[in-house]
Amino acid sequence: MQAITVQDRSTGLAGLSLTEEPYPHAAENDVIVRVHAAGFTRGEIDWPATWTDRAGRDRTPSVLGHDVSGVVAELGYGTTGLTVGQRVFGLTDWARNGSLAEYVAVEARNLAPLPAGVEHTVAAALPIAGLTAWQGLFDHGRLAAGQTVLVHGAAGSVGSIAVQLACEAGARVIGTGRARDRDTALGLGVDVFLDLQADSLEDAGQVDVVFDVIGRDVLDRSAALVRPGGTLVTIVAPPTVRLQDGRAIFFVVEPDRDRLADLARRLRDGRLRPIVGAVRTLAEAPAAFAQRTSGKTIIRVADGE
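Asks: Got a sec to walk through the pattern of salt bridges? Specific residues and values, please.
Replies: The tally for this structure, following the rule as stated, stands at 16 salt bridges. With its nearest N and O atoms 2.0 Å apart, the salt bridge here joins Glu168 to Arg266. With Glu168 in helix 4 (residues 157-168) and Arg266 in helix 7 (residues 257-268), this pair connects stretches of sequence that are 98 residues apart. Taking the relative accessible area as the measure of exposure, Glu168 reaches 37% and is therefore partly exposed. Arg266 is paired through a salt bridge with Asp262; the nearest N and O atoms lie 2.9 Å apart. Remark: Asp262 and Arg266 occur in helix 7; sequence separation between them is four residues, near one turn of the helix. Assessed through its relative accessible area of 10%, Arg266 is described here as buried. One continuous salt-bridge network, built from bridges that share partners, spans Glu168, Arg259, Asp262, Arg265, Arg266, Arg268, Asp269 and Arg271.

Asks: Tell me about the environment of Val151, residues and numbers included.
Replies: The topology assignment puts Val151 in strand 9 (residues 148-151). Overall, the relative accessible area of 0% leaves Val151 in the buried class. C-alpha of Val151 to C-alpha of Ala261: the two residues are 110 residues apart in sequence and 24 Å apart in space. Among all residues touching Val151, those that are not within four sequence positions of it are Gly159, Ala162, Val163, Val173, Ile174, Gly175, Thr176 and Phe211.

Asks: Give a description of unusual backbone geometry that names residues and reports values.
Replies: Geometrically, the link from Thr60 to Pro61 is a cis peptide bond, its omega value of 0 degrees lying close to zero. Structurally, Pro61 is set in the loop between helix 1 (48-51) and strand 4 (62-63). Positive phi, close to 65 degrees, is recorded for Asn29, a residue that is not glycine. Mapped onto the fold, Asn29 is located in the loop between strand 2 (17-20) and strand 3 (30-39). Taking relative accessible area as the criterion, Asn29 reaches 38% and is therefore assigned partly exposed. Despite not being glycine, Arg216 shows a phi value in the positive range, around 55 degrees. Relative to the assigned elements, Arg216 resides in helix 6 (residues 216-222). Note on Arg216: relative accessible area 64%, which makes it exposed.

Asks: A description of the layout of surface pockets should follow, citing residues and the corresponding values.
Replies: Taken as a whole, the largest pocket spans an internal volume of roughly 1,800 Å³. Lining the largest pocket are 40 residues, with Gly156, Ser157, Val158, Val213 and Arg292 positioned closest to its centre. Of all the secondary-structure elements, those providing two or more residues to the lining of the largest pocket are helix 3 (127-140), helix 4, helix 6 and strand 16 (296-300). A per-class count over the lining of the largest pocket returns 18 nonpolar, 13 polar and nine charged. In this structure, the second largest pocket encloses a volume near 240 Å³. Contributing to the lining of the second largest pocket are 16 residues, with Pro24, His25, Arg96, Asn97 and Ala105 lying nearest its centre. Sorting elements by how many residues they give to the lining of the second largest pocket places strand 7 (residues 103-107) first, with three residues. Taken together, the residues of the lining of the second largest pocket break down into ten nonpolar, three polar and three charged.

Asks: Can you explain the sheet that holds strand 1 (residues 2-6)? Please cite residues and give values.
Replies: Read across the sheet, three strands follow the order 2-1-4 without closing on themselves; strand pairing throughout is antiparallel. For this open sheet the edge positions go to strand 2 and strand 4, each flanked by a neighbour on one side alone. Looking at chain direction, strand 1 and strand 2 are connected through four bridges and run antiparallel. Bridging across to strand 2, Ala3 finds its partner in Thr19.

Asks: Before we move on, can you summarise the side chain of Asp181 with the specific residues and values?
Replies: Within the fold, Asp181 resides in the loop between strand 10 (172-177) and helix 5 (182-188). For Asp181, which is buried and forms no salt bridge, the nearest opposite charge comes from Arg180, at a distance of 4.2 Å. In contact with Asp181, not counting residues within four places along its chain, are Ala155 and Phe193.

Conventions used here
- Throughout, a residue's number is its position along its own chain's written sequence, starting from 1.
- Since the coordinates come from a predicted model, pLDDT governs what is reported: local features require at least 70, and pairs of side-chain atoms require 80 or more to be given and counted, while whole-chain, interface and lining totals use all residues.
- The basis for the side-chain values is all heavy atoms of the structure; hydrogens and waters are excluded.
- Whenever Lys or Arg places a side-chain nitrogen within 4 Å of a carboxyl oxygen from Asp or Glu, that contact is recorded as a salt bridge.
- We count a stretch as a helix when DSSP gives it H or I for four or more residues in a row; a strand needs E for two or more, and each element gets its number in order from the N terminus.
- Note on classification: 1.4 Å probe, protein chains only; a residue is buried when its accessible area is under 20% of the maximum for its type, exposed when over 50%, partly exposed between these limits.
- Note on contacts: a residue pair is in contact if any heavy atoms of the two residues lie within 4.5 Å.
- With a 1 Å grid spanning the protein atoms alone, the term cavity applies to any set of points in which a 1.4 Å probe fits but cannot get out, the term pocket to an open set with protein on both sides within 12 Å along at least five of seven lines, and the term lining residue to any residue with an atom within 4 Å of a point.
- Grid points are joined across faces, edges and corners, and a volume is the space filled by probe spheres set on the points.
- Ten residues, namely Ala, Val, Leu, Ile, Met, Phe, Trp, Tyr, Cys and Pro, are considered nonpolar, four, namely Asp, Glu, Lys and Arg, are considered charged, and the remaining ones, Gly among them, are considered polar.
- Paired strands are those between which DSSP finds at least two bridges.
- Under this rule, positive means Lys or Arg and negative means Asp or Glu; His and the chain ends count for nothing.

The following block contains the structure:
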């Protein structure tokens, strides 16, 4: 099968290439998915799990990509809850070969059924962004109706989902980004938009939850905006700031089949809209890693439903 792989860490993005790789093996409780569409995170080439397995052993050549949408092609021994030919989407394992390939082996618990009528290219934009947004807002941030949340990067792949989920939960949402993101963020439902290059972040006032996807000084400055008892949540790096009366949390998204299924229903019913940017072919994936576009870049691997 064809796949996008990396072999040498020192080459960076220049080392991405389209190669022929063996068809994946279905281990116990695995599913082999025929990939129709896949998503990737630009920074994953720097993740330790891209280069070594859970035991610390070199696992190159490594197939990149961790968002997947496709059709079940094969079930491993003991796999339950899914059937061959079923449409599925989800999150591939961090320390195993990923979704930028014609086929991928995934733990069944990391996948959920994909409702009819939802395009694979749209579904592939949801797993990491959707789970990250939900877990950040509600599992870690404990956001509730009537509270105020500050969402950094409100027009990005994660931030845009967070805005929509927070609005639906009845929260007041302040979004940040660049000037070009204003209309998108307002269209998603933010009550106030702050241009990080022109507006003062401190104009946000006191908030119950900060959801950060930027880090650095934006993260540090946001700590002062969290009201007593509130929470600062980031997915970038462990916070170096301390809140006098609140929590500062860094987390890495975790698979959750039930939550994926819930997000898929919202997608089907039109209550959730991932922002899909460019859609590229598998052969164009190496170049797509280096390109900055609005919305999440999706790799179309196979046509059809």
